[in-house]
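Coordinate inspection notes
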Amino acid sequence: MKDFTTDLRFAWRSLWKNPALTAIAVAALALGIGANTAIFSVVYGVLLRPLPFPEPDRVIRLIDTNPSANLPRFSTAPPDFADWRAENQVFSQLAAVTRDNLNLTGDGEPERLQGARVSGDFFAVLGTKPLLGRPLLPAEDIPGGPKVAVLSYKLWQRRFGGDKGIVNRRLILNGESTLVAGVMPAAFDVPGRTEIWVPLQLVIDESQRGGHYLSVFGRLKPGVSIEQAQTEMNGVTQRIARTHPQSNEGWGVNLIKAQDLMVEDVRPRLLLLLGAVGLVLLIACANVANLLLSRLAAREREVALRSALGAGRGRLVRQFLTESTMLSLVGGLLGIVLAWRGTPLLVALYGTKIPRAGEIGVDATVLAFTLGLSLVTGLLFGLLPALHSSNPDLQSSLRDGGKGHAGDRRGRRTRSVLVFGEVALAIVVLVVASLLVRSLRQLQDVSPGFRSDHALSVQLQLPETSYKEEPKQVAFYRSLVPKLAALPGVTNAAIGYPLPFSGGRYLLAFSAEGQPPPKTLSDSPAANMGFVSPEYFATLGIPIREGRVFSDGDAIGGEGVVVVNRALAAKIWPGRRALGQRVTFGDPTQPDVQWLRVVGVVADIRHADLKDDPGLQAYLPLYQSPNAEVSLIVRTSSEPGGLTAAVARVVHEADPGLPIANPKSLDQLLADSVAEPRANAILLSMLALLALVLAAVGIYGVLSYSVSQRTREIGLRMALGAGSGQVRGQMVREGLATVLAGIVAGLVGAFFLARTLQSLLYGVKVNDPLTFLGVPILLLAVAFLATWLPARRATRVEPVVALRYE
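All values derive from a computational prediction rather than experimental measurement. (Residues numbered from 1 in each chain as written. Predicted model: local features only at pLDDT ≥ 70, side-chain atom pairs only at ≥ 80, totals over all residues. Heavy atoms only, no water.)

Looking only at helices and strands, one finds 24 helices and 25 strands in the protein. Counting all 806 residues of the protein, 52% fall into the buried class. Put simply, 81% of the contacts in the protein that link residues at least 6 apart link residues at least 24 apart. By element, 58% of the accessible surface of the protein is carried by carbon and sulfur atoms, the whole surface being about 35,200 Å². (Helix = DSSP H or I, 4+ residues; strand = E, 2+ residues; numbered from the N terminus. Buried < 20%, exposed > 50% of the residue type's maximum accessible area, 1.4 Å probe, protein only. Contact = heavy atoms within 4.5 Å. Areas by Shrake-Rupley, 256 points an atom, 1.4 Å probe, with all protein chains shown as cover.)

What follows is about the environment of L21. Positionally, L21 belongs in helix α2 (residues 19–48). By relative accessible area, L21 is classed as buried at 16%.

With that out of the way, let us pick up the pairing of strand β11 (residues 196–199). Direction of pairing for strand β6 (residues 115–118) relative to β11: parallel, over a ladder of 4 bridges. Bridge pairing in β11 places G115 opposite I196. Where strand β8 (residues 148–151) lies against β11, 2 bridges are found, and the strand directions are antiparallel. Across the sheet, residue V150 finds its bridge partner in β11, namely W197. (Pairing = 2+ DSSP bridges.)

The set of residues buried in helix α5 (residues 153–160) consists of L155, W156, R159 and F160. Within α5, the buried residues cover an arc of 100° as seen down the axis, which keeps them to one side. With its phi angle positive at about 60°, G161 sits one or two positions after the end of α5. (Arc of directions from axis to C-beta.)

Time to look at the pairing of β8. Taking every second residue as pointing to the same face, both faces of β8 are buried, with V148 and V150 on one and A149 and L151 on the other. Pairing of β8 with strand β10 (residues 176–183) involves 4 bridges; the strand directions are parallel. Note on β10: the bridge partner recorded for V148 is L179.

Within this structure, the stated rule accounts for 21 aromatic pairs. Relative to F501, the ring of F450 lies with its centre 6.2 Å away and its plane at 45°, an arrangement referred to as tilted. Taken together, the residues span a long stretch of sequence, with F450 in the loop between α14 (405–444) and β14 (455–461) and F501 in the loop between β15 (490–497) and β16 (507–509) at a distance of 51 residues. When sorted by exposure, F450 lands in the same class as F501, which is buried. (Phe/Tyr/Trp six-rings, centres within 6.5 Å; stacked < 30°, edge-to-face > 60°.)

So, on to a nonpolar patch on the surface. Taken together, V744, V748, F751 and F752 make up a surface patch of nonpolar side chains, about 380 Å² in accessible area. Within the element layout of this structure, V748 appears in helix α22 (residues 724–754). V748 gets classed as partly exposed once you look at its relative accessible area, which sits at 45%. (Patch = residues over 30% accessible without salt bridge, like charges linked within 9 Å, V, L, I, M, F, W, Y side chains within 5 Å. Salt bridge = Lys/Arg side-chain N within 4 Å of Asp/Glu carboxyl O.)

Spelled out as structure tokens, the structure:
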């Protein structure tokens with residue numbers, strides 16, 4: 001312990017004597033460790049932290065799949081869920097859930113809540129008990145059962161101020177008195193961003209086998225593996241398909257652990273960020289190692305004297321590692337501060353695209369990671385200088401008077417190797433960042449097919465209690481549109497559902513008249529459905545290619561009509577006119593099926609992702625096929641953000657109990673759709689810039705030190721007639737030789753790494769020539785500047801002064 005204390009005091013004095021070097025080293029380490037800590041806090045919170053359930057590995061998602069219909073993952077039909085629950089032998093319980101927004105009124109301002117309807121054993125499957133009160137009960141999950149609800153912790157705090165008397169209070173949800181049964185813990189959030197849970201109260205009807213809208217969770221029985229459960233459920237779905245071939249032929253089920261499914265989309269991106277930030281830390285370590293090598297070269301005499309006085313190699317190594325570890329711990333402390341301030345910004349950058357965002361933070365596990373990382377970092381960058389200087393050449397070191405010549409001769413090759421490594425790692429990070437940035441630009445250049453500028457959207461849901469009859473819904477919508485259009489600054493107003501890039505999707509299979517009916521439901525083509533008012537196409541600027549769009553006359557009781565996009569028309573009626581053709585979204589073999597006549601063809605637009613093709617799209621007239629959940633869209637002559645209050649006022653005047661939700665411009669909806677690739681590109685760009693700066697500093701530092709050690713040689717050469725340009729050119733060439741070798745090695749590594757990024761890129765090849773040419777040129781330019789500056793400074797020294805050096 002005494003030796004350790006002595007080493008600490010000596011290390012502190014040694015670092016204090018060199019404040020500039022210490023500050024540079026600590027700054028580099030703080031940036032590297034802080035970035036690693038921030039990224040790890042996200043990786044741990046999203047990928048590694050277990051779900052807040054008992055035995056979370058036994059919680060399984062059951063997902064419908066139909067490869068023949070190009071539906072690798074899909075929701076479940078209610079009769080199929082009932083059959084799974086009755087016939088399986090591997091799950092202790094199965095539960096179903098579907099999202100449903102609910103209007104909260106009668107207690108403050110009306111508010112639209114993000115809700116979920118769940119079966120009675122939902123909370124039992126997940127194994128989470130309420131913080132207050134009780135969960136929903138199976139006895140309440142029956143058609144026509146009692147109106148009860150469980151609140152999320154956030155809703156309880158935000159709306160009710162954490163009032164513990166909330167249990168057994170009654171709220172007005174969708175116009176009906178509803179009993180509050182309990183409040184869930186803060187960490188419970190399934191499905192994500194749910195504010196309130198109410199009973200599903202399914203009515204099981206065989207006619208629903210084609211209606212897939214449920215998400216199904218199950219808890220495996222003790223001792224049952226997921227592989228065994230998959231085999232069992234394969235048999236169950238095959239038996240159902242044999243019994244109901246028309247609806248279930250081709251359908252199967254995939255079993256995935258709930259946590260794996262939740263994070264599978266973000267896992268490759270987060271691991272990529274973690275790998276990139278790890279490379280940046282290695283560059284910082286190489287930089288600090290070079291700094292310590294340069295400093296230790298000047299301490300050759302000190303080391304030689306200590307060795308001559310009896311200090312063994314192990315004692316010297318321990319001393320130098322103590323100094324490096326002290327540096328890394330100080331850098332780690334500053335890194336924690338950077339991570340603590342940076343992690344919320346990191347989460348905000350991803351927005352809603354990252355799951356479990358509320359659980360991300362710098363907690364005890366992240367602090368333990370940072371401590372371990374700091375210690376490993378200290379050993380990593382300190383070991384090489386320590387081993388290098390712990391076995392000095394006593395005779396040369398003492399004879400040279402401590403000027404570092406002996407150490408320089410031994411350390412020059414080591415410093416070159418470190419620069420080579422810095423450059424190679426920097427190239428890898430720069431190439432990856434460049435590919436993602438170019439991919440983002442390509443994605444942002446994709447036209448969605450409609451005008452997103454100067455348009456505001458808000459969501460609205462009519463409660464069933466007040467608007468159960470379709471004519472009443474239509475009357476409300478008809479009266480609302482003119483009032484919205486009359487607002488100051490509004491040029492167009494419309495209603496539609498689901499709005500592009502709003503997250504909603506309504507997929508229905510259809511059949512065309514005159515074509516052979518499909519053998520099974522999965523053989524039918526499926527179209528994304530839209531329910532829109534007549535003004536919808538003009539308000540969004542969707543071009544009409546043939547025929548007409550809807551009119552006020554396309555209403556309940558009139559001829560059924562539909563508007564389709566060009567992709568649907570070309571697929572179903574290739575080489576023929578779509579106008580006048582008829583389609584149905586029901587069973588074409590039934591005599592009372594409703595046929596809809598195609599009255600118009602409009603341009604293709606993208607609905608969910610700019611990466612995806614527009615797909616098949618069909619629009620139904622809202623006044624003929626009303627939908628209780630809609631979006632209001634108003635286009636303005638100026639910025640639309642200030643119109644939210646005016647739109648809310650119009651809605652409240654029409655119905656004081658109706659809240660609006662999620663006011664967003666269409667530009668913001670588009671921006672949100674690329675939030676994740678944008679966040680990845682920004683973060684990788686920042687890491688690439690940091691890597692470039694660190695590499696430049698490393699190159700500059702090594703060459704500056706080399707110049708300082710060769711001042712006498714430079715003066716002698718210039719005294720013998722060598723020109724300053726000749727000497728400067730030689731030094732630049734020597735410096736760039738190492739850089740070029742690092743660039744080549746880095747490009748090879750980047751080429752193989754880029755092949756794993758294909759799924760993250762859009763419109764850019766993994767071997768993109770512009771990237772693989774531009775990045776080396778950029779680094780070469782920076783490296784040239786970093787080598788030219790010290791070379792220029794050295795050749796400006798007068799030969800007489802240089803010969804007197806040392």
